[in-house]
Protein chains: 2
Amino acid sequence: MSGPPANGSEHPHVSPTTTADFPSARGQDVEALVNDLIGRVADKWTMIVLEVLAEHGELRFTQVARRIPGISQKMLTQTLRQMERDGMIIRTVHAVVPPRVDYRLTDLGESLGAAFCGVWIWAEQNLGRIQSARDDFDQRQASRD
Amino acid sequence: MSGPPANGSEHPHVSPTTTADFPSARGQDVEALVNDLIGRVADKWTMIVLEVLAEHGELRFTQVARRIPGISQKMLTQTLRQMERDGMIIRTVHAVVPPRVDYRLTDLGESLGAAFCGVWIWAEQNLGRIQSARDDFDQRQASRD
DNA sequence: CAGCATCCGAAGCGATACTG
DNA sequence: CAGTATCGCTTCGGATGCTG
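What you see is a predicted model, and the numbers here were worked out from it, not measured in a lab. (Residues numbered from 1 in each chain as written. Chains lettered and ligands numbered in written order. Predicted model: local features only at pLDDT ≥ 70, side-chain atom pairs only at ≥ 80, totals over all residues. Heavy atoms only, no water.)

Chemist: Looking at this model, I keep getting lost on the overall build of chain A. Mind explaining?
Modeler: Across its full length, chain A holds five helices and three strands. Listing each helix as α and each strand as β along chain A from the N terminus yields α-α-β-α-α-β-β-α. Within chain A, residue pairs in contact and separated by at least 24 positions form 42% of the contacts whose partners lie at least 6 positions apart. As presented, chain A carries roughly 7,800 Å² of accessible surface, and 51% of it is formed by carbon and sulfur atoms. (Helix = DSSP H or I, 4+ residues; strand = E, 2+ residues; numbered from the N terminus. Contact = heavy atoms within 4.5 Å. Areas by Shrake-Rupley, 256 points an atom, 1.4 Å probe, with all protein chains shown as cover.)

Chemist: What am I meant to see in the protein's contact with DNA strand C here?
Modeler: The local shell around DNA strand C holds 16 residues, among which A:Ser72, A:Lys74, A:Met75, B:Arg91 and B:Tyr103 are the closest. Each atom of DNA strand C within 4 Å of the protein was classed as base or backbone; sugar and phosphate made up 62%. Within the contact set of DNA strand C, a base nitrogen lies 2.9 Å away from a side-chain nitrogen or oxygen of B:Gln73. Breaking the surface near DNA strand C down by element, the ones donating at least two residues are α4 (73-85) of chain A together with α3 (61-67), α4 (73-85) and β3 (100-105) of chain B. In terms of residues, the surface near DNA strand C owes the most to one element, α4(B), which gives four residues. Along the lines of polarity and charge, the residues of the surface near DNA strand C split into seven nonpolar, four polar and five charged. (Near = heavy atom within 4 Å. Polar contact = N/O pair within 3.5 Å; in protein donor to acceptor, adjacent residues only side chain to side chain. Nonpolar A, V, L, I, M, F, W, Y, C, P; charged D, E, K, R; others polar.)

Chemist: Please explain the protein's contact with DNA strand D as it appears in this structure.
Modeler: Taken together, 16 residues form the shell around DNA strand D, and within it A:Gln73, A:Arg91, A:Tyr103, B:Ser72 and B:Lys74 come nearest. For DNA strand D, the backbone makes up 59% of the atoms found within 4 Å of the protein, where backbone means sugar plus phosphate. Separating a base oxygen of DNA strand D from a side-chain N or O atom of A:Gln73 is a distance of 3.4 Å. For DNA strand D, a phosphate oxygen lies 2.4 Å from a polar atom in the side chain of A:Tyr103. Counting only elements with at least two residues in the surface near DNA strand D, the list comes to α3 (61-67), α4 and β3 (100-105) of chain A together with α4 of chain B.

Chemist: Please clarify how the pattern of salt bridges should be interpreted in this entry.
Modeler: A side chain with one charge may pair with a side chain of the opposite charge, provided their charged atoms come close. The full count for this structure, using the stated rule, is six salt bridges over all chains. As a salt-bridge pair, B:Asp138 and A:Arg85 come within 2.8 Å of each other at their nearest N and O atoms. Pair noted here: B:Asp138 is in helix α5 (residues 107-142) and A:Arg85 is in helix α4, and the two residues belong to different chains. The partly exposed category is assigned to B:Asp138, whose relative accessible area is 32%. The partner of A:Arg134 in a salt bridge is B:Asp86, and the shortest N-O contact between them spans 2.8 Å. Residue A:Arg134 is found in helix α5 (residues 107-142), and its partner B:Asp86 is found in the loop between α4 and β2 (89-94); the two belong to separate chains. (Salt bridge = Lys/Arg side-chain N within 4 Å of Asp/Glu carboxyl O. Buried < 20%, exposed > 50% of the residue type's maximum accessible area, 1.4 Å probe, protein only.)

Chemist: Sorry if this is basic, but what is going on with the relation of the copies chain B and chain A here?
Modeler: The relation between the two chain copies is a rotation about an axis coupled with a shift along that axis. Here chain B sits on chain A after a turn of 180° about the axis and a move of 0.0 Å along it, with an RMSD of 0.3 Å. Such a combination of rotation and displacement between the chain copies is what one expects of a two-fold axis. Looking at the rotation axis and the C-alpha trace of chain B, the residue lying nearest is B:Ala42, at 2.3 Å. Most of the interface of chain B is mirrored in chain A: 87% of its interface residues are interface residues there too. (Least-squares fit on C-alpha atoms with pLDDT ≥ 70 in both.)

Chemist: Could you clarify how one ought to interpret the pairing of β2(B) in this entry?
Modeler: Moving residue by residue along a regular strand, the side chains alternate between the two faces of the sheet. Residues and elements named next belong to chain B. For β2 and β3, the ladder comprises six bridges, and the chain directions are antiparallel. Pairing of His94 across the sheet is with Arg100, part of β3. Counted along the chain from β2 to the antiparallel partner β3, the turn is five residues long. (Pairing = 2+ DSSP bridges.)

Put into structure tokens, the structure is as follows:
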């Protein structure tokens, strides 16, 4: 890939220290915002919750929890709240007893899910390669004593 | 819900190396492994380094650092090591003085970069929507006193 | 230049207890 | 059921100083 599309808003004051080198000097401010957003979205639990909801459409709290082994109740709540705040999911509270709260993706959330689709596929397809690369690295590391 | 690959059990997933498969925690759930991998890859600095190297091809340490304002030397070193361990980048040490170390993506790293490209585009395109969604949420939250 | 080692405050996170 | 509140441990991560 060649980085973000840069949406045409390039800045003239990106001061290249080396001349005639960077064909794509993009606006640093836009990049910073995108990076910040990526930092929020690129959270382990966020992506997993996203995947679960993308797959099942609408789930209540415990159903989401059951689909994500290893997550604590605290982290699930926190992640769901954050995603709700970012406009990725809709939280529906039913006034019944016992309480029932449903979660589902918004259009925005689904579009992110679609964007992440490629990453999931990549992860599945390259799991083995990463593991062996890691083994190789650790092996070389261990044999330097 | 044009969702992600989601359910690992329904996919042409990996594990061609079917050696002795332990019945316990480690090897039984592909989904768990994918989630683990996602957890590693979904790191803020990892993704930014990935993007920088995808854009520039080959850079030395300080050149990468210059491209990522806000990262500390410690985190950059750490991130680069981790990515090298995962087989995403190649680290070339030139035996010269002053020392020169070049970093570039492997094929695996580039393929991940390609997979993430869609996310980057999404982030740029939906920056505004997330911010206003966040403002709305905070507004509603504040008006409950 | 490209790191590694150390210190230390800040943030993350799980476990537990409690509530409507 | 679906949370909130709190405690305490662990990890993160920046700052600083030192090395080949």
